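# Reading the structure
Each chain, letter by letter, is given below.
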Amino acid sequence: MAYETILVERLERVGLIRLNRPQALNALNRQLIADLGAALDELEQDRSIGCLVLTGSEKAFAAGADIKEMQNFTYPQTYLDDFITSWERLSRTRKPVIAAVAGFALGGGCELAMMCDFILAADTAKFGQPEIKLGVMPGSGGTQRLTRFVGKSKAMEMCLTGRLMDAVEAERSGLVSRIVPAADLLDEALKVAKGIAGMSLPVAMQTKESVNRAYETTLAEGIRFERRVFQSQFGTADQKEGMAAFIEKRPAKFQH
Ligand code: HXC
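Report on the accompanying structure. Computed from a predicted structure; not experimentally measured.

The subject of this paragraph is the sheet that holds strand S4 (residues 60-62). The strand order S4-S6-S8-S9 describes an open sheet built from 4 strands, whose pairing is mixed. Because the sheet does not close on itself, it has two edges, and the strands there are S4 and strand S9 (164-166). Across the sheet, the axes of successive neighbouring strands diverge by a mean angle of 20°, strand direction being ignored. In this sheet, S9 lies alongside strand S8 (residues 126-128) in antiparallel orientation, the contact comprising 3 bridges. Residue Phe127 lies in a different strand from S9, and its bridge partner there is Met165. Packing against the sheet, helix H4 (residues 108-115) makes contact with S4, strand S6 (104-106) and S8, and its axis sits at approximately 95° to S6.

Set out below in structure tokens:
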């Protein structure tokens with residue numbers, strides 16, 4: 001399906017979504033969020049897709065929510081339209097999603113990247129929550145997710161001052177998993193995604209669900225959840241295949 005503000009490609013078992021509003025540094029307007037939601041629905045329903053990559057351009061992953069669109073919003077309108085709730089679609093994605101970030105990931109752009117399962121950063125990446133300079137604060141999870149990623153002190157400083165963080169600081173503080181040279185970012189993200197897409201899809205999805213439990217429950221409950229899911233995996237053909245392949249010294253070929 002063709003979209004107005006994003007480009008979607010299927011590269012074997014990887015679904016690639018590129019944010020594509022270059023004239024506005026991929027500012028996130030309502031159309032883009034709707035397009036992104038529809039593309040996620042489409043790729044989640046497609047059984048041949050095992051992993052997603054979300055990326056922007058060389059200059060910007062996304063420079064935030066569209067300020068020109070938001071400027072004249074009123075409180076009743078944002079409340080009645082439930083502004084922002086539709087952004088959460090990305091965080092409800094069950095298949096693994098990698099954010100490949102080059103250039104600016106600011107405000108809602110940083111929040112979108114943090115809704116993905118991990119962030120690969122180009123050495124040009126710059127992250128920030130500069131909303132306070134616009135007279136608002138992060139509204140799509142930034143105060144919560146950034147704090148969980150980098151801890152209170154750094155999250156508080158970034159949200160209160162609007163200071164940007166470069167890729168080195170972002171890696172040091174746990175916001176991104178790795179830094180790669182900008183020219184290699186997409187190839188590297190696609191390579192990692194292809195590797196994940198070659199695993200058992202239900203197991204990859206259960207792994208994602210289990211890691212995410214660590215943020216949403218107590219340690220004892222999280223461990224209990226992990227153990228039950230782990231035990232259930234012995235009822236799958238993919239576990240039999242994965243372990244047989246190891247013993248027979250050949251690559252595993254998973255069914256799902
Ligand atoms: C609308 C934007 C935009 C944005 C950039 N543009 N960011 N339009 N919303 N968030 C537009 C500019 O107006 C300009 O359009 C074009 O993109 C190029 O941007 P420049 O500013 O000329 O580029 P540059 O000088 O390189 O500066 C890059 C920048 C700067 C540092 C990223 O654009 C910037 O500070 N942008 C805003 C960042 C921000 O405050 N983000 C948070 C938004 S609030 P024209 O037409 O002039 O050429 C938010 C709330 C989230 O995200 C809460 C949940 C929704």
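Let us keep going from here.
Around the ligand, 24 residues are found, and the nearest of them are Lys59, Ala63, Ala65, Ile84 and Gly108. Within the backbone of Ala65, an N or O atom sits 2.8 Å from an oxygen atom of the ligand. Here a nitrogen atom of the ligand sits 2.9 Å away from a polar atom, N or O, in the main chain of Ile67. When isolated, the ligand has an accessible area of 1000 Å², and the protein chains bury 66% of it. Listing elements by their share of the shell around the ligand, those giving two or more residues are helix H2 (67-70), S6 and H4. Of all the elements, H2 adds the most residues to the shell around the ligand, at 3 residues. Its residues assigned to classes, the shell around the ligand comprises 13 nonpolar, 6 polar and 5 charged.

So, how was this worked out
- Residues numbered from 1 in each chain as written.
- Predicted model: local features only at pLDDT ≥ 70, side-chain atom pairs only at ≥ 80, totals over all residues.
- Heavy atoms only, no water.
- Pairing = 2+ DSSP bridges.
- Helix = DSSP H or I, 4+ residues; strand = E, 2+ residues; numbered from the N terminus.
- Axes fitted to C-alpha atoms, helices over the stretch in contact; angles between N-to-C directions.
- Contact = heavy atoms within 4.5 Å.
- Near = heavy atom within 4 Å.
- Polar contact = N/O pair within 3.5 Å; in protein donor to acceptor, adjacent residues only side chain to side chain.
- Areas by Shrake-Rupley, 256 points an atom, 1.4 Å probe, with all protein chains shown as cover.
- Nonpolar A, V, L, I, M, F, W, Y, C, P; charged D, E, K, R; others polar.

Treat this as a map of the structure, not an account of what it does.
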